[in-house]
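# Architecture at a glance
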Amino acid sequence: MKKRILSTILTGAMLLSALTGCGSGGEQGTEQSTEQSTEQSSQQGSQQEASSTGASADGSSLRPETLDKITVVLFGEESPRMQELMENEFQQMFIDEINTEVELMYLPWTENGAGGKVDLMIASGQEFDACIVDPRWAASSYSKGYLQDLSDVIDTYLPDWHENVDPTAFDAYRYDGGVYAIPIGNKPTGGVYSTVCVRQDIMDAIGMENISTLDDLTEYAQKAKEQYGLYATYELANAEYIIRGTSDRNLIPLCTGILIDQDTKELVNFVESPEFEAAVRLYNDWYAQGLIPKDILTNTVTLPFQANMTSFMRGTCGTTLIENEPGLQSVVPEAKTAEYYIAPEKPIYKKSYENTAFQVPVTSTKADRVALFVNLLQKNTEMANLFAYGVEGTDYELIDGKVSKINTEELFYEWMIYNVKISSPTTAYTDEFMEVYKNWDDNALPALSFGFNIDYSNVQTQKAQIDSVWEEFASPMLAGLKDYDSSIEELKAELKNAGWDAYMEEIQRQFDAHLANK
């Protein structure tokens, strides 16, 4: 384990937005029958896969013989340069490579997620063929019968994808033996949020070489407050890097109030655990020392660390170079960041592969064309760079194998396209850094929660009440504002009254089923 974890590549949206996911629907689009029932459309899509592409029997040529069209839903706004490329270079590439016209339909990011416009489009039979989706949303859509099982197209129409993307990416989208989305991108996710991101320039100034324990983190926070006037953090004591340092157990958070013991495979009631007590007592001590801001629960600044208000925050697989440094350096030009693992001797767990994928609604008959489209986005370096950065010489230049952007308008999301096996990094990243980043996941172990998505349908009321109790009673304790000894029994009682037993029982049932299928 390297003592210092270098920060990373990609855009700030890459992991954070990727943990957030993608979104919902749009209006109309593709050329296909609108009169089939949902079930018939799904069946026809499966039956037409081979014939519509005109693929040879041995799979040597997957380019369809006939031109067709698919409609793909994305979110945000289409930039002028993206519109121009979709009318010219991009569109020509789609036709040349997969004999398919691609129409993009943009919706606001506020439509992202379950219950949004995409779900309404599927429910009403409105036509489109693909939309980006995340695991939580996909789980909800699967339970409603909105998504196609893509098992049949995965083996045939993703030849380059299989070369460049880890097949475990599908695990987040497997339900009852089927696969209901095609992931895209290939980026490290091991230990996400398990590192602590600190000010390396402050570390150097105060003479600290490493942070590997909560005592080290306390010493760093004390000196940063004394010499620079910075609070420790605005994050609560249930931050993963804090819990990682509270005991020898390997605990991974699952949902509100529940952790997973990776060794015993047991669900752990966080509030009744020694780790909860240790974390709250730590924050009680920090608050008494003035390291925790009094407005920790009411702060309205989105990123206090970047605003030079705190000395540390959670890390994200080394991506602080992009996610934290630019904003921080606009306030403190000389600032540098680094990530450290508390308890570096403990295993690193990979809780997700990549949380962005393309769903295909049951109303589409063109799953094969969608698979060919996704395959093209991940085919090789030339294609990955084209769709993320644009035309070489016009939108970007390659300097010693790295991308120097000329065009700054968004094309296909860079965070979605980026693949450590094939994408070219930008000139902002050193070779040393890229080597660390590419190998970030080498020693990561799959978490027991990998691919597990909770369906709260049976405990919706309990979940809402527990979340409310957590905010009112647990959060002040985890902020250091309420003393552990005088508050813990009230918290336990309130959670029980909110329906904790039924909530825990339902999640345990689903988790047992998940483990049985692993």
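The present account deals with the structure reproduced in this document. All figures in this text were calculated on a predicted structure; none of them were measured in a lab. Along each chain, numbering runs from 1 in the same order as the chain's sequence is written. Only residues with pLDDT of at least 70 get local features here, since the model is predicted, and only at 80 or more are side-chain atom pairs given and counted; chain-wide, interface and lining totals rely on the full set of residues. Only hydrogens and water are set aside; all other atoms, that is, all heavy atoms of the structure, feed into the side-chain values.

## Focus: the sheet that holds strand β2 (residues 100-107)
Within a sheet, each strand pairs with its neighbour through backbone hydrogen bonds, oriented either parallel or antiparallel. Applicable threshold: Here a strand pair is declared whenever DSSP counts at least two bridges between the two strands. Helix numbering and strand numbering both begin at the N terminus, where a helix is a DSSP run of H or I of at least 4 residues and a strand a DSSP run of E of at least 2.
Taken in spatial order, the five strands line up as β2-β1-β3-β14-β6 in an open sheet, and their pairing is mixed. At either end of the open sheet lies a strand with only one pairing partner, and these are β2 and β6 (182-183). Sheet topology note: the strand β1 (residues 68-75)/β2 ladder contains eight bridges and is parallel. Following the sheet pairing, Val-72 is matched in β2 by Leu-104.

## Section: the packing of aromatic side chains
Put simply, the test is: Note on aromatic pairs: the rings of Phe, Tyr and Trp (six-membered ring only in Trp) are paired at centre separations within 6.5 Å, and the planes decide the class, stacked below 30 degrees, edge-to-face beyond 60, tilted for the rest. Buried, partly exposed and exposed residues are distinguished by accessible area as a fraction of the type maximum, computed with a 1.4 Å probe on protein chains only: under 20%, between the cut-offs, and over 50%, respectively.
Scanning the entire structure with this criterion turns up 28 aromatic pairs. For the pair Tyr-142 and Tyr-175, a centre-to-centre distance of 4.7 Å together with 15° between the ring planes defines the contact as stacked. Of this pair, Tyr-142 sits in helix α7 (residues 135-143) while Tyr-175 is found in strand β4 (residues 174-175), placing the two residues 33 residues apart along the sequence. Tyr-142 gets classed as partly exposed once you look at its relative accessible area, which sits at 25%. With a centroid separation of 6.1 Å and 85° between ring planes, the pair formed by Tyr-241 and Phe-312 is classed as edge-to-face. Taken together, the positions of Tyr-241 in helix α12 (residues 240-244) and Phe-312 in strand β11 (residues 312-314) put the pair 71 residues apart, joining distant regions of the chain. Pair check on accessibility: Tyr-241 and Phe-312 agree, each one buried. Within the aromatic cluster, the residues linked to one another by ring pairs are Phe-90, Phe-94, Phe-358, Phe-373, Phe-387 and Phe-412.

## Here's the deal with the nonpolar core
Convention followed: As used in this record, nonpolar core signifies buried Ala, Val, Leu, Ile, Met, Phe, Trp, Tyr and Cys residues forming a set joined through side-chain atoms within 4.5 Å. Here a residue-residue contact requires only that any non-hydrogen atoms of the pair lie within 4.5 Å.
Grouped together as the largest cluster of nonpolar side chains are 81 residues, with contacts concentrated most on Phe-90, Phe-358, Phe-373, Phe-387, Phe-412 and Met-416. Top element by residues in this core is helix α16 (residues 367-377). It accounts for eight residues. When residues no more than four places from it in sequence are discounted, the contact partners of Phe-412 are Leu-74, Met-82, Met-86, Phe-90, Phe-94, Leu-104, Phe-373, Phe-387, Ala-388 and Ile-417. The next biggest cluster of nonpolar side chains, apart from the first, holds 65 residues, and it includes Ile-206, Ala-224, Leu-259 and Trp-470.

## Some details on the layout of surface pockets
Which parts of space are left empty comes out when a probe the size of a water molecule is rolled across the atoms. We count it as follows: Of the two site types, the cavity is a set of points on a 1 Å grid over the protein atoms alone where a 1.4 Å probe fits but cannot get out, and the pocket is an open set with protein on both sides within 12 Å along at least five of seven lines, each lined by residues with an atom within 4 Å of a point. Grid points are joined across faces, edges and corners, and a volume is the space filled by probe spheres set on the points.
Estimated volume of the second largest pocket: approximately 690 Å³. Together, 23 residues line the second largest pocket, and Arg-174, Tyr-175, Asp-176, His-514 and Asn-517 are the ones closest to its centre. At the level of elements, α7, β4 and α22 (500-516) are the ones that each hand at least two residues to the lining of the second largest pocket. Residue contributions to the lining of the second largest pocket peak at five residues, all from α22.

## Things to note about the sheet that holds β11
Condition: Each axis is a line fitted through C-alpha atoms, and for a helix only the stretch in contact is used; angles between axes span 0 to 180 degrees, taken between their N-to-C directions.
Spatially, β11-β7-β12 is the arrangement adopted by the three strands of the open sheet, whose pairing is antiparallel. Each edge of the sheet is formed by a strand with only one pairing partner; in this case those strands are β11 and β12 (337-341). Ignoring strand direction, the axes of neighbouring strands in this sheet form an average angle of 30°. In the sheet, strand β7 (residues 195-199) pairs with β11 via three bridges, with the strands oriented antiparallel. Its bridge partner being in β11, Cys-197 is matched across the sheet by Met-313.

## Remarks on α16
α16 sits mainly inside the fold: 11 of its 11 residues count as buried. Along α16, the residues that are buried comprise Ala-367, Asp-368, Arg-369, Val-370, Ala-371, Leu-372, Phe-373, Val-374, Asn-375, Leu-376 and Leu-377.

## Looking at helix α6 (residues 117-124)
How we decide: Picture the helix axis, draw a direction to every C-beta atom, and the arc is the one those directions span.
Those residues of α6 lying buried are Val-118, Asp-119, Met-121 and Ile-122. Considered in projection along α6, the buried side chains sweep an arc of 160° and stay on one side of the axis. Turned more than 90 degrees away from the buried face of α6 sit Leu-120, Ala-123 and Ser-124, all of them exposed. At its buried positions, α6 is contacted by β1, β2, β3 (130-133), α7 and β14 (357-359). At the C-terminal side of α6, Gly-125 shows a positive phi close to 80°.

## Section: unusual backbone geometry
Of note, the phi angle at Tyr-193 is positive, near 70°, even though the residue is not glycine. Note on placement: Tyr-193 falls in the loop between β6 and β7. Among the residues examined, Tyr-193 registers a relative accessible area of 12% and is labelled buried. One non-glycine residue with positive phi stands out, namely Lys-265, at about 65°.

## As for the pattern of salt bridges
What counts, and what does not: Salt bridges are identified by distance alone: a Lys or Arg side-chain nitrogen within 4 Å of an Asp or Glu carboxyl oxygen.
Enumeration according to the criterion identifies 19 salt bridges in this entry. Its salt-bridge partner being Lys-144, residue Asp-119 comes within 3.4 Å of it at the nearest N-O pair. You can see Asp-119 sitting in helix α6 and its partner Lys-144 sitting in the loop between α7 and α8 (151-157), a full 25 residues away along the chain. For Asp-119, a relative accessible area of 3% corresponds to the buried category. According to the relative accessible area criterion, Lys-144 is partly exposed, its value standing at 41%.

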